[in-house]
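Coordinates in review
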Amino acid sequence: MTLDISKIRNDFPILNQQVYNKPLVYLDSAASSQKPLQVLKKEEQLHLEYYGNIHRGAHFLADKATVEFEGVRDLVQDFINASSREEIVFTKGTTESINLVASSFGDAFVTEGDEIIISEMEHHANIVPWQLLAQRKGATIKVLPFLDSGELQIEKLDELITEKTKLISVAHVSNVLGTVNPIKKIIKQAHESGVKVLIDGAQAVKHMAVDVLDLDADFYVFSAHKMYGPNGVGVLYGKKEILEQMPPYQGGGEMISEVKFGGTTFNELPYKFEAGTPNISSVIAFGEAIKYLQNLGIKEVTAYENKLLGYATEKLQQIPGMIIYGTHHCKTGVITFNIDGIHSFDLGTMLDKMGIAVRTGRLCADPVMDHYKVQSTVRISFAVYNTTEEVDIFVEALKKLVVMLA
Ligand code: C6P
């Protein structure tokens, strides 16, 4: 079944506007995607009809909100094919999910002299929490490098994994290079040495089907706001037997079973990791984002976005001075580039004035910038609502800017 993109665009009224008297072309969905009406309406409906604090109320509103909230946990479980709903922990986002694991798994399992492997293409959110853990515990961070094409050098894992390795944490898809990493292979190899693996799926979940059981991932984390959901919500998937052995991340209401001044017992999974009142309205609206993607059909979405990526790549390669970072054939979602002799910030600012929203800068991935010895880049990123016509508008704008600024 092919997707009806103009029908899809009707679900995103924000796209149908002019900025600086130019039709908006939104090419920044890797930073945050826009939200369909279904998501926006759900949040409004909750506040108009049945808002109440969850898990605590002895009244109709609280009960209804609780049922809806817990229903979204089931939707997430189904969406990533987890074996049980207890394995789905709601967080603020990918960043908090990684911090939770670094803190809690780190406390339980990482000791002085241990090693954690991350890759050279990680977002800062998948670097800094491990550095903080390493500092606390006297552990070491080792880095799996990538080739200029954007391909991870996974053959180097053999020499990187030692008997001291406790965890490998790697992106499913790079937010700069777009590379889709061979995570199933990485996980298999890690498990052969008894090493656990966390997958940062922030840039993957809206583009492709994710099956945590098939991957055998120990942890898989992502944010709702990059997959048509509200901001302020993320997911930590963790295998039940590992989560059970991990201590709580934060203390407070909800995460306890019984509190005495002499000592506290903790709640069962997943509540042990959900201290305090969660982001009730955003979680409930997130359910609509998952349904939205499922109704479109994730396979159709993948195929359409890959077509867009191929189309845009081919057009961009024809622009003189174009340098694309990340040219691996297994790629999705983003194109990061510079044009020889033109500053990326100038391009970004001028594109904005032409109605085209892109991201510029270091993309929260300093090591990737260092790899290519660049200070800054321009990135375009796609979602299912983008069109080849928008790519044409962007490419024509870029051609004009090359003439103006070079
Ligand atoms: N990348 C980008 O423009 P949060 O902020 O917690 O929702 O996601 C953090 C994060 C973690 N991992 C990867 C691979 C990411 O891409 C991001 C967020 C955005 O590339 C904002 S910096």
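Note: the structure precedes this text.
Residues numbered from 1 in each chain as written. Predicted model: local features only at pLDDT ≥ 70, side-chain atom pairs only at ≥ 80, totals over all residues. Heavy atoms only, no water.

**Some thoughts on the pairing of strand β5 (residues 115-119)**
The following threshold applies: Remark: exposure states derive from per-residue accessible area (1.4 Å probe, protein chains only) relative to the maximum for the residue type, with buried under 20%, exposed over 50%, and partly exposed in between. Secondary structure follows DSSP: runs of H or I at least 4 residues long count as helices, runs of E at least 2 residues long count as strands, and numbering of each begins at the N terminus. The handedness rule is simple: strands pointing away from the viewer, and a clockwise path from the first strand over the helix to the second, make the crossover right-handed. DSSP bridges decide pairing: two strands pair if at least two such bridges lie between them.
β5 sits mainly inside the fold: 5 of its 5 residues count as buried. By the alternation rule, side chains of β5 split into E115, I117 and S119 and I116 and I118, which are all buried. The parallel pair β5 and strand β6 (residues 140-144), bridged by helix α5 (residues 128-137), forms a crossover whose chirality is right-handed. As defined by bridge partners, β5 adjoins strand β7 (residues 165-171) across 4 bridges and the pair is classed as parallel. By the bridge assignment for β7, I118 is matched with S169.

**Some thoughts on the site of the ligand**
Stated precisely, the cut-off is as follows: Here a residue counts as near a molecule or strand whenever at least one of its heavy atoms sits within 4 Å of it. A 3.5 Å cut-off defines polar contacts: any pair of N or O atoms within that distance qualifies, except that in protein one atom must be a possible hydrogen donor and the other a possible acceptor, and neighbouring residues in sequence count only when both atoms are side-chain atoms. To be clear on the numbers: accessible area is Shrake-Rupley with a 1.4 Å probe, and residue cover counts the displayed protein chains and nothing else. Note that domain bounds follow an automatic or database assignment of domains.
Taken together, 16 residues surround the ligand, and among them T95, D200, S223, H225 and R359 come closest. Between the ligand and S223 there is a distance of 2.7 Å, counted from an oxygen atom to a side-chain nitrogen or oxygen. Taking K226, its side chain carries an N or O atom lying 3.0 Å from a nitrogen atom of the ligand. When the ligand is considered free in solution it has 510 Å² of accessible area, and contact with the protein chains removes 87% of it. Of the domains in this structure, domain 1 (5-27 + 298-401) and domain 2 (40-294) are the two that each give at least three residues to the shell around the ligand.

**Describing the pattern of salt bridges**
Threshold: Throughout this description, the term salt bridge denotes a Lys or Arg side-chain nitrogen within 4 Å of a carboxyl oxygen of Asp or Glu.
Here the structure, examined in full by the defined rule, presents 22 salt bridges. R85 is paired through a salt bridge with E70; the nearest N and O atoms lie 2.9 Å apart. Note that R85 is positioned in the loop between α3 (60-80) and β4 (88-91) and E70 in helix α3, a separation of 15 residues in sequence. On the basis of relative accessibility, which here comes to 25%, the residue R85 falls in the partly exposed class. Accessibility expressed as a relative area gives 11% for E70, which makes it buried. What you see here is one network of salt bridges that share partners, running through E70, R73, D74, R85 and E274.

**What about the environment of I356?**
Going by this rule: In this analysis, two residues are considered to be in contact whenever any of their non-hydrogen atoms come within 4.5 Å of each other.
With respect to the helices and strands, I356 occurs in strand β15 (residues 356-357). Classification of I356 by relative accessible area gives buried; the value is 1%. Distance in space between the C-alpha atoms of I356 and V19 is 8.6 Å, their sequence separation being 337 residues. With sequence-adjacent residues up to four places away left out, I356 is seen in contact with V25, L27, L351, I393, F394 and A397.

**Regarding α5**
Test applied: To be clear, the arc concerns the directions from the helix axis to the C-beta atoms.
Every buried residue belonging to α5 is among P129, W130, L133 and A134, and all of these are buried. Taken around the axis of α5, the buried residues stretch over an arc of 140°, which confines them to a single face. Considering only its buried residues, α5 is in contact with α4 (94-109), β5, β6, β7 and β8 (196-200). Positive phi shows up at G138, right after α5, with a value of about 75°.

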